[in-house]
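Letter by letter, the chains look like this.
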2 protein chains.
Amino acid sequence: MKKEDIQTLAEGIKSGNRVSLSRAITLAESSLEEHQKLAHELIQELISFTGKSKRIAITGVPGVGKSTFIESFGKLLTQNGYKVAVLAIDPSSSLSGGSILGDKTRMEDLARNPDAYIRPSATGGHLGGVASRTYESVLLCEAAGFDVILIETVGVGQSETLVNDITDIFIFLQIPGAGDELQGIKRGIMEMADLIFVNKVDDFGIDKAKDVKVTLARSLQFLPQKPSGWKRKVLLGSGLNSKGLAEVWELVQDYFDTVQSNGYFTENRKRQDELRVVEYIKEQISNRVKNLYKENSHKDSELINPYLIAEKWVKENLK
Amino acid sequence: MKKEDIQTLAEGIKSGNRVSLSRAITLAESSLEEHQKLAHELIQELISFTGKSKRIAITGVPGVGKSTFIESFGKLLTQNGYKVAVLAIDPSSSLSGGSILGDKTRMEDLARNPDAYIRPSATGGHLGGVASRTYESVLLCEAAGFDVILIETVGVGQSETLVNDITDIFIFLQIPGAGDELQGIKRGIMEMADLIFVNKVDDFGIDKAKDVKVTLARSLQFLPQKPSGWKRKVLLGSGLNSKGLAEVWELVQDYFDTVQSNGYFTENRKRQDELRVVEYIKEQISNRVKNLYKENSHKDSELINPYLIAEKWVKENLK
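Residue numbers here run from 1 along each chain, matching the order of that chain's written sequence. All chains are assigned letters beginning with A, and all ligands numbers beginning with 1, in the order in which they are written. In view of the model being predicted, local features appear only for residues whose pLDDT reaches at least 70, and side-chain atom pairs are presented and counted only at 80 or more, with totals across whole chains, interfaces and linings using the full set of residues. Each side-chain value is worked out from all heavy atoms of the structure, with water and hydrogens disregarded.

Per an unreviewed UniProt entry, chain A carries the name LAO/AO transport system kinase and comes from Moheibacter sediminis.

Below, the structure is given as structure tokens:
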């Protein structure tokens, strides 16, 4: 792609052209430095059209019904006149090669909806860069006119931290009867959650679901307060039967009203932009120093202290 | 601490003095750059005395019995004439302030044993540096003459990746009856595991435990082969009643024989040293650029593209 094409691509995105948007996201996801730079120029062209969406994290362990929830919730939003983009963060791909949202047919209805855009997750090893790349996709979707961006993650611990760093609100899906085996993870995720949606209530019965709601609400009391000042909420419902989704959307709007009026919204987005700067620089550095140990260690067979190699590099290469 | 003290500290460590060892670990864990540099000099002094231990990761979700396992396993090892150090990685502390091994009384017997050394985990926010600091502690314990280093982690997903990056072998503790809710996490941890120990068999009954063993062994077949060429093993036992621990130690020795003869051991330790170089440099960079966004964004109220700020810094500050 040539530099002059960036202008054309930017125009395409602003007019809501999906082919342009998809090409741009592919560019942003590329690990080639040249592509990265073009993507950043493109984002610069579009910067005044970004930032206006609600960025919503949807998380939960496998089997909790995230795709079905997103399908139904997305449909509700488009019926209310919103344009909805669905993205995914999938850090597990670096280990097992898995990918979420890969199977587009899981969201057939939403995928056919003219007001929705579904982008399968990028696969690839750049774990540190995963959130950064997805953030670029968010900005591109915003420039293309999407009002709500839903970002799905597979619930395996570290992806929650990543998605928390690029979204405004964190929705955690739960099912009744889920074991207490993952206390540690749950506690960490609960701390991040703004809204906990107890899904599949029809499968488990309303009594069981209400029990879970009470237990959850009780355990939330013991968590530290959120820096946003928002109080975590628990809702019951069913993605499959579209139950409780209107209430979710209502709470999401309440949340945005709260954090926009108390200043947290802006503060949090600034914090996220700060993270992007640091992450991008770290990624560049990683690329430059990844062979440093090898280059220094084959010179003799002595045991080498990696920390001294690192210190030497910092001294010699940083102004 | 002055530079000349480093020499004295090194001598103390080499003679097995615990006070010297503890002081050195505290120095390595400090986030002050000056302390870091002194720690690196100290490690350089000791480098030819490092590398000779078996570095063993002990992981598992809360409640699985890690401390009790380590207490009994450590006792077995000291009875066999080995010197055992116990360290901990606790990345969860950055979020919830929790700390493992903090309660030394959990390992009372081992703590009193003259051939054992137990070091509670450092608390502090340097998430990226957690593995790096613990690795320095490993090197220091090795220089102090410890033959086996057990590194405990709280099982919350990302800590496993960290501990996997500083150890030779990965032992995953399980209990029968643990739910399947954490498929994703389990799969990721199972992939890393070299040895799965089904703990608390006396509580659950041998039939139940054997079921779990068969199920586990079956599911292991579907995981990709380990790069070490080692085949994952499942063992049954009880930390509390010291059952199956001799078998664990036997398998650990088999493992080391295998990977030392096929070259994986050396290759893996080199890979880990490479990681340390990159991590340390990244940490240094993070410290330097953490305020970059703020410095650039208060100049005007325009929307600012974080990626361009980052690119500019790289261009101007890296030779």
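Once the structure has been displayed, the description carries forward.
### Some details on helix α4 (residues 66-79) of chain B
Residue and element names in this part refer to chain B. Threshold: A run of DSSP states H or I qualifies as a helix once it reaches four residues; a run of E qualifies as a strand once it reaches two. Both are numbered from the N-terminal end. For a helix, the expected span equals 1.5 Å multiplied by the residue count minus one. Between buried and exposed lies partly exposed: a residue is buried under 20% and exposed over 50% of the maximum accessible area for its type, with that area taken using a 1.4 Å probe on protein chains only.
Taking 1.5 Å per residue as the helical rise, α4 with its 14 residues ought to reach 20 Å, and the 20 Å between its terminal C-alpha atoms agrees with that figure. Taking burial as the measure, the 14 residues of α4 include 11 buried ones, the bulk of the element. One or two residues past the end of α4 sits G81, with phi positive at roughly 95 degrees.

### Remarks on a negative patch on the surface
Note the threshold: Each patch is built from residues lacking any salt bridge and having more than 30% relative accessible area; the joining distance is 9 Å for like charges and 5 Å for nonpolar side chains (Val, Leu, Ile, Met, Phe, Trp, Tyr). Only the protein chains shown count as cover for residues, and all accessible areas are computed by the Shrake-Rupley method using a 1.4 Å probe. Salt bridge, as used here, is a side-chain nitrogen of Lys or Arg placed within 4 Å of a carboxyl oxygen of Asp or Glu. Charge assignment: positive for Lys and Arg, negative for Asp and Glu; neither His nor the chain ends contribute. For charged residues, the charge sits on one atom: NZ in Lys, CZ in Arg, CG in Asp, CD in Glu.
Judged by side-chain charge, E247, E250, D254 and D257 of chain A come together as a negatively charged surface patch. Tracing the backbone through its elements, the reader meets E247 of chain A in helix α12 (residues 245-261).

### Description of the UniProt feature "domain: EH" (unreviewed entry) in chain A
For the record, the criterion: UniProt positions are given in the numbering used here, feature names are shortened, and annotations may be inferred rather than shown by experiment.
Look at the UniProt record and you will see "domain: EH" (unreviewed entry) annotated at residues 207-252 of chain A. Measuring from the first to the last C-alpha atom of residues 207-252 of chain A gives 25 Å, for a span that is 48% helix and 9% strand.

### Some points on the sheet that holds strand β5 (residues 169-174) of chain A
Residues and elements named next belong to chain A. Basically, it comes down to this: Strand pairing is defined by DSSP finding a minimum of two bridges between the two strands. The angle between two axes is taken between their N-to-C directions and runs from 0 to 180 degrees, where each axis is a line fitted to C-alpha atoms and a helix contributes only its stretch in contact. Whether two residues are in contact is decided by their heavy atoms, any of which lying within 4.5 Å being enough.
Sheet architecture is open: 7 strands sit in the order β3-β2-β4-β1-β5-β6-β7, paired in parallel fashion. The open sheet has two edge strands with one neighbour each: β3 (116-118) and β7 (233-236). In this sheet, adjacent strand axes meet at a mean angle of 20 degrees when their direction is disregarded. Looking at chain direction, strand β2 (residues 84-89) and strand β4 (residues 148-153) are connected through 6 bridges and run parallel. Its bridge partner being in β4, I89 is matched across the sheet by T153. In the packing of helix α4 (residues 66-79) onto the sheet, contacts are made with β1 (54-59), β2, β4, β5 and β6 (195-198), and the angle to β4 comes to roughly 175 degrees.

### A closer look at the packing of aromatic side chains
Put simply, the rule is: Any two of the Phe, Tyr and Trp rings considered here, Trp counted by its six-membered ring, make a pair once their centres fall within 6.5 Å; the pair's planes then place it as stacked at under 30 degrees, edge-to-face at over 60, or tilted in between.
Enumeration according to the criterion identifies 18 aromatic pairs over all chains in this entry. Ring geometry for W230 of chain A and Y255 of chain A: centres 5.2 Å apart, planes at 85 degrees, overall edge-to-face. With W230 of chain A in the loop between α11 (206-220) and β7 and Y255 of chain A in helix α12, the pair connects residues that are 25 residues apart, well separated along the chain. We note that W230 of chain A, like Y255 of chain A, is buried. On the basis of an interplanar angle of 55 degrees and a centroid distance of 5.0 Å, the ring pair of F69 of chain B and F197 of chain B is categorised as tilted.

### A look at the pairing of β5 of chain A
Residue and element names in this part refer to chain A. With 6 of its 6 residues buried, β5 lies for the most part within the structure. On β5, burial covers both faces: I169, I171 and L173 on one face and F170, F172 and Q174 on the other are all buried. Where β1 and β5 come together, 4 bridges link them in parallel fashion. Residue pairing for β5: A57 is matched across the bridge by F170. With 4 bridges joining them, β5 and β6 adopt parallel strand pairing.

### Quick word on the sheet that holds strand β2 (residues 84-89) of chain B
Residues and elements named next belong to chain B. Spatially, β3-β2-β4-β1-β5-β6-β7 is the arrangement adopted by the 7 strands of the open sheet, whose pairing is parallel. The open sheet is flanked by β3 (116-118) and β7 (233-236), the only strands paired with a single partner. In this sheet, adjacent strand axes meet at a mean angle of 20 degrees when their direction is disregarded. As defined by bridge partners, strand β6 (residues 195-198) adjoins β7 across 4 bridges and the pair is classed as parallel. By the bridge assignment for β7, L195 is matched with K233.

### Side note on the domain arrangement of chain A
Residues and elements named next belong to chain A. Here is the rule we go by: Where each domain starts and ends follows an automatic or database-derived domain assignment. Two parts placed together each lose some accessible area under a 1.4 Å probe, and adding up what both lose gives the buried area. The term polar contact refers here to a pair of N or O atoms within 3.5 Å; inside protein, the definition further demands a hydrogen-donor-capable atom paired with an acceptor-capable atom, and it admits residues adjacent in sequence only when both atoms are side-chain atoms. Note on residue categories: nonpolar means Ala, Val, Leu, Ile, Met, Phe, Trp, Tyr, Cys or Pro, charged means Asp, Glu, Lys or Arg, and polar means any other residue, Gly included.
In terms of domains, chain A is made up of domain 1 (51-262) and domain 2 (272-317). For the pair domain 1 and domain 2, the two sides together bury roughly 740 Å², of which 36% comes from carbon and sulfur. In this structure, the connection of domain 1 to domain 2 is made through 1 salt bridge. The salt bridge involving R133 is made with E283; its shortest N-O contact spans 2.2 Å. At the junction of domain 1 and domain 2, the tally comes to 5 residue pairs in polar contact (both at pLDDT 80 or more). Element by element, the count of residues in the side of domain 1 that touches domain 2 is highest for helix α7 (residues 130-143), at 4 residues. Among the residues making up the side of domain 1 that touches domain 2, the classes are represented as 3 nonpolar, 6 polar and 3 charged.

### Brief notes about the environment of E45 of chain B
All names here are of chain B. Of note, E45 is situated in helix α3 (residues 33-46). Residues E45 and E11 lie 34 residues apart in sequence; the distance between their C-alpha atoms is 9.3 Å. Residues within four places of E45 in sequence aside, it is in contact with I6, Q7 and A10. A polar contact of 3.4 Å, which involves the side chain of E45, links it to the side chain of Q7.

### Notes on the packing of α7 of chain A against helix α13 (residues 264-289) of chain A
Residue and element names in this part refer to chain A. The following threshold applies: What sets the label is the angle itself: under 35 degrees gives roughly parallel, over 145 gives roughly antiparallel, 65 to 115 gives roughly perpendicular, and the rest give oblique. Each crossing gets its hand from how the near helix is turned against the far one by less than a right angle, where anticlockwise is left-handed and clockwise is right-handed.
Two elements in contact, α7 and α13, have axes separated by 10 Å at closest approach and are oriented at 130 degrees. Compared by their axis directions, α7 and α13 come out oblique. The crossing of α7 and α13 is left-handed. Contact residues: α7 offers A131, S132, R133, Y135 and E142, while α13 offers R269, Q272, D273, R276, E279 and E283. Among the residues forming the contact of α7 with α13, the class breakdown is 2 nonpolar, 2 polar and 7 charged.

### A look at the pattern of salt bridges
Applying the stated rule across the entire model yields 26 salt bridges over all chains. E11 of chain A is the partner of K14 of chain A in a salt bridge, and the nearest nitrogen-oxygen pair spans 3.5 Å. Here K14 of chain A pairs with E11 of chain A, and both are found in helix α1 (residues 3-14), just 3 residues apart, close to one helical turn. On the basis of relative accessibility, which here comes to 32%, the residue K14 of chain A falls in the partly exposed class. The residue E274 of chain A makes a salt bridge to K294 of chain B at a minimum N-O spacing of 3.9 Å. Of this pair, E274 of chain A sits in helix α13 while K294 of chain B sits in helix α14 (residues 292-297), placing the two residues on different chains.

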